[in-house]
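This is what each chain is made of:
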Amino acid sequence: MAKTIREINERIRTGTAVILTAEEIIGMVKEKGVAETARNVDVVTTGTFGPMCSSGAFLNFGHSTPGIRMNKVWLNDVPAYAGIAAVDAYLGATEMSETLGMQYGGAHVIEELVAGKDVELRAESYGTDCYPRRKIRTTINRNNINQAYMFNPRNAYQNYSAATNSTEKIMYTYMGTLLPKFGNVTYSTSGELSPLLNDPEYRTVGIGTRIFLGGTQGFVAWEGTQHDPGQVRLENGTPAAQAGTLAVIGDLKKMDSRYIRAAVYEKYGVSLFVGIGIPIPLLDEDMVRRTAVTNRDIMTQVVDKSGRENLNLRVTYEQLHSGSIEINGKKVSTAPLSSLKMAREIAANLKGWMEKGEFLLTEPVAPLPMHTTRLNRLEIRGDFHEDR
Amino acid sequence: MKTVKLSIIYPVNKITAPIVSTLIKKYNLEINILHADISLTKVGTLVADITGAESDIAAALQYIGDAGVEYRIFTSKLIWDEKRCVHCGACTAVCPSDALTMSHEDWSLQFNREKCVVCGLCTKACPLSVMSLA
């Protein structure tokens with residue numbers, strides 16, 4: 001018996017919808033079976049809270065008198081991209097401070113804006129007839145600027161390779177500190193709770209899908225950059241390594257700094273922890289089966305981040321969660337980089353919003369691409385000249 | 001009675017020195033080994049809490065030095081700003097003594113101060129800078 005999103009929304013409005021998290025559904029299906037769960041449960045909520053570098057925010061500062069066509073912008077000494085209209089800028093999460101280096105970056109400015117703090121704005125211009133001002137220095141916060149919306153080109157990676165290091169030297173990477181000679185393995189996915197692992201072939205999540213983003217309601221805006229649906233998949237449809245991604249959008253002014261946190265990876269750089277939760281409507285038995293996926297059914301590959309060894313090793317999230325896996329016959333400790341504790345909190349919050357009727361499901365405006373062509377590589381097509 | 005946290009560094013040619021048993025037998029100390037990495041072919045390290053009378057500890061440290069073995073007393077300790085922690089687990093990737101582990105129940109970070117060897121690796125591995133030495 002299939003359900004429609006409209007029917008589920010009606011139940012959410014009247015407070016009669018049954019909503020479980022992606023962890024809770026597992027036990028329910030085990031106990032009651034797929035058919036009965038499909039009849040009784042309406043929505044499964046997912047969550048993830050991990051470092052997502054491809055994040056940032058569009059800001060409109062408002063016009064000064066006289067006006068300025070900002071062509072260089074700094075926020076707390078972190079450069080923002082100003083190659084758009086006069087007082088618009090895009091602040092990337094990984095951009096570093098010109099004074100503090102990688103200890104402070106765009107992600108920190110974003111966290112401070114979300115927290116309601118004042119941020120110093122500096123801008124320069126060449127001056128135009130209509131915008132004569134050439135310099136400005138002031139403070140802004142989320143209440144005194146016009147728009148501040150997060151637009152993250154790539155978030156919520158559907159699965160991600162686990163990382164290790166075969167060399168004799170410690171490696172400082174975006175996957176954390178990797179100890180020499182396979183000293184550890186790090187991984188960064190919330191596994192069975194992860195949004196796109198619960199809708200592996202994008203049946204319900206699409207462009208326009210309303211989501212939990214940073215503590216408020218946001219939307220899926222587009223496929224994310226590096227969206228790679230053609231990744232090798234297991235029989236249950238989940239990809240065996242990184243595959244789909246989402247571009248997401250949401251009002252930074254309404255976000256909660258509990259779910260937007262700046263991060264610094266030693267000798268690598270700045271990133272941003274973003275909290276995302278996506279509701280998966282249980283339209284039919286197929287969606288119940290998809291959301292009942294467990295850590296035992298989801299696999300990822302283990303990659304030597306030095307690029308030296310092809311380990312050709314695939315492990316389940318159950319193995320990664322156990323605390324150790326085996327590499328070349330050696331027991332190696334595993335450590336997560338994305339917070340499962342926070343991911344659970346997000347899935348629970350999203351469930352709570354729907355139980356209170358505050359969050360309604362959306363029909364996707366258009367589906368996410370499900371093509372089979374793989375990602376392009378960047379070929380070197382010329383020499384790099386320092387003087388050019 | 002007093003407890004000090006000690007790191008003992010054995011040069012390769014001193015690996016066979018019976019330091020620990022001497023500390024126990026001769027100096028009447030209670031030794032709680034927190035971390036040990038000792039093998040015949042490399043510099044060994046041993047981290048331990050040593051408890052005993054102040055005079056015995058002083059005499060024992062003198063003995064270790066005289067035996068040609070290096071030691072360091074930990075004067076700092078690890079501070080975990082739990083309120084700001086997001087429990088991601090990045091620190092557990094580098095902790096050499098299992099002082100930092102993830103609870104497999106609620107996936108919160110667990111800190112066992114007794115096991116901490118105050119190496120400081122977590123202070124750098126933590127992406128939110130919630131770990132510091134003081």
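What you are looking at is a predicted structure, and each value in this text was computed from that prediction instead of being measured.

What to know about the domain arrangement of chain A
Residue and element names in this part refer to chain A.
- Assigned domains within chain A: domain 1 (5-52 + 155-367) and domain 2 (62-145).
- Taking the mean C-alpha position of each, domain 1 and domain 2 sit 33 Å from one another.
- Between domain 1 and domain 2 lies a buried interface of about 1300 Å² when both sides are counted; carbon and sulfur atoms form 70% of it.
- The interface formed by domain 1 and domain 2 includes one salt bridge.
- Of the charged contacts, one joins R261 and E111 as a salt bridge, the two residues approaching to 3.8 Å between their closest N and O atoms.
- Put simply, domain 1 and domain 2 have four residue pairs in polar contact (both at pLDDT 80 or more) between them.
- Every element with two or more residues in the side of domain 1 that touches domain 2 is listed here: β21 (260-265) and β22 (269-277).

Quick word on the environment of B:S103
All names here are of chain B.
- Assignment of secondary structure puts S103 in the loop between β6 (100-102) and β7 (109-111).
- A relative accessible area of 14% means that S103 is categorised as buried.
- Side-chain polar atoms of S103 contact the side chain of D106, separated by 3.1 Å.

Quick notes on the sheet that holds strand β2 (residues 43-45) of chain A
Residues and elements named next belong to chain A.
- Across the sheet, which stays open at both edges, the three strands sit in the order β1-β2-β23 with mixed pairing between neighbours. One side of each edge strand has no neighbouring strand; the edge strands of this open sheet are β1 (19-21) and β23 (279-281). For this sheet the average axis-to-axis angle between neighbouring strands, irrespective of direction, equals 25°.
- Strand contacts of helix α6 (residues 340-355): β1, β2 and β23, with the helix running at about 175° to β1, the strand carrying the most contacts.

What to know about the interface of chain A and chain B
- Across the contact, 25 residues belong to chain A and 20 residues belong to chain B.
- For the pair chain A and chain B, the summed buried surface comes to about 1800 Å²; carbon and sulfur atoms form 60% of the total.
- The largest contributions to the chain A side of the interface with chain B come from A:R261, A:P336 and A:K341, which together make up 29% of the buried area.
- Our count for the contact surface shared by chain A and chain B stands at eight residue pairs in polar contact (both at pLDDT 80 or more).
- For the side of chain A that touches chain B, the secondary structure elements donating two or more residues are β16 (185-187), β21, β27 (330-336) and α6 of chain A.
- Considering every element that reaches the side of chain A that touches chain B, the biggest residue donor is β21(A), with five residues.
- Looking at the side of chain A that touches chain B residue by residue, the classes come out as 13 nonpolar, eight polar and four charged.

As for the nonpolar core
- Residues A:F61, A:V73, A:L75 and B:M131 are the most contacted members of the largest nonpolar core, which totals 130 residues.
- Here the element with the most residues in this core is α6(A); it accounts for eight residues.
- Aside from chain neighbours lying at most four places away, what touches A:V73 is A:F61, A:V78, A:P79, A:A80, A:A82, A:A89, A:L121, A:R122 and A:A123.
- Residues B:L6, B:Y27, B:A48 and B:I64 belong to the second largest nonpolar core, which totals 19 residues.

So, the sheet that holds strand β6 (residues 78-80) of chain A
Residues and elements named next belong to chain A.
- Within the open sheet, the four strands sit side by side as β6-β5-β10-β11. Their pairing is antiparallel. The open sheet terminates on both sides in strands that have one partner only, identified here as β6 and β11 (135-140). Averaged over all neighbouring strand pairs, the angle between strand axes comes to 25°, with direction disregarded.
- Here three bridges tie strand β5 (residues 72-75) to β6, and the two strands are oriented antiparallel to one another. Bridge pairing in β6 places W74 opposite P79.

With respect to the pairing of strand β20 (residues 246-251) of chain A
Residue and element names in this part refer to chain A.
- In this structure, strand β12 (residues 147-155) lies alongside β20, joined through five bridges in antiparallel fashion. Each residue of the ladder has a partner; that of F151, found in β20, is I249.
- Pairing of strand β19 (residues 216-223) with β20, which is carried by five bridges, proceeds in the antiparallel orientation. Opposite E223, over in β20, you have L246 as the bridge partner.

With respect to the packing of aromatic side chains
All names here are of chain A.
- Per the counting criterion, the structure on display carries twelve aromatic pairs over all chains.
- Between the aromatic rings of F212 and W353, the centroid separation amounts to 5.0 Å while the plane-to-plane angle is 25°, which identifies the pairing as stacked. Of this pair, F212 sits in strand β18 (residues 210-213) while W353 is found in helix α6, placing the two residues 141 residues apart along the sequence. A single burial state applies to F212 and to W353, both of which are buried.

Some words on helix α2 (residues 54-66) of chain B
Residue and element names in this part refer to chain B.
- Given a rise of 1.5 Å per residue, 13 residues ought to cover 18 Å, and the 19 Å separating the end C-alpha atoms of α2 matches this to within 8%.
- Taken together, the buried positions of α2 are occupied by I57, A60, L61, Y63 and I64. Buried residues of α2 fall within an arc of 160° about the axis and therefore sit on the same side. What points out from α2, more than 90 degrees from its buried face, is the exposed set S55 and D66.
- For α2, the elements touching its buried residues are β1 (2-10), α1 (19-25), β3 (44-52) and β4 (70-73).
- Phi turns positive one or two residues past the end of α2, at G68, with a value near 80°.

Conventions adopted
For every chain, the first residue of its written sequence is number 1, and the numbers climb from 1 along that sequence. The lettering of chains begins at A and the numbering of ligands begins at 1, in the order of writing. Side-chain atom pairs in this predicted model are given and counted only at pLDDT of 80 or more, local residue features only at pLDDT of at least 70, and totals for whole chains, interfaces and linings cover all residues. Hydrogens and waters are ignored; side-chain quantities use all the structure's heavy atoms. Domain delimitation in this document rests on an assignment produced automatically or drawn from a domain database. The buried area of a pairing is the accessible area, by a 1.4 Å probe, that goes missing from both parts when the two are put together, added over both. Salt bridges are defined as contacts in which a side-chain nitrogen from Lys or Arg sits within 4 Å of a carboxyl oxygen from Asp or Glu. Polar contacts here mean pairs of N or O atoms no more than 3.5 Å apart (in protein, one a potential hydrogen donor and the other a potential acceptor; neighbouring residues in sequence count only if both atoms are side-chain atoms). Only runs of H or I of at least four residues qualify as helices and only runs of E of at least two qualify as strands under DSSP, and these elements are numbered from the N terminus. Burial here depends on accessible area, computed with a 1.4 Å probe over protein chains only, as a share of the maximum for the residue type. Under 20% is buried, over 50% is exposed, and the range in between is partly exposed. Strands are treated as partners if at least two bridges between them are detected by DSSP. Angles here are taken between N-to-C directions and fall from 0 to 180 degrees, while the axes themselves are lines fitted to C-alpha atoms, restricted in helices to the stretch in contact. Any two residues having at least one pair of non-hydrogen atoms within 4.5 Å are treated as being in contact. For this classification, Asp, Glu, Lys and Arg are treated as charged, while Ala, Val, Leu, Ile, Met, Phe, Trp, Tyr, Cys and Pro are nonpolar and the rest, including Gly, are polar. Definition of nonpolar core: a set of buried residues of the types Ala, Val, Leu, Ile, Met, Phe, Trp, Tyr and Cys, connected through side-chain atoms within 4.5 Å. Two rings belonging to Phe, Tyr or Trp (six-membered ring only in the last case) form a pair when the distance between their centres is within 6.5 Å. Interplanar angles under 30 degrees mark stacking, angles over 60 mark edge-to-face geometry, and anything in between is tilted. Multiplying one less than the number of residues by 1.5 Å gives the expected span of a helix. The directions considered for the arc are those from the helix axis to the C-beta atoms.

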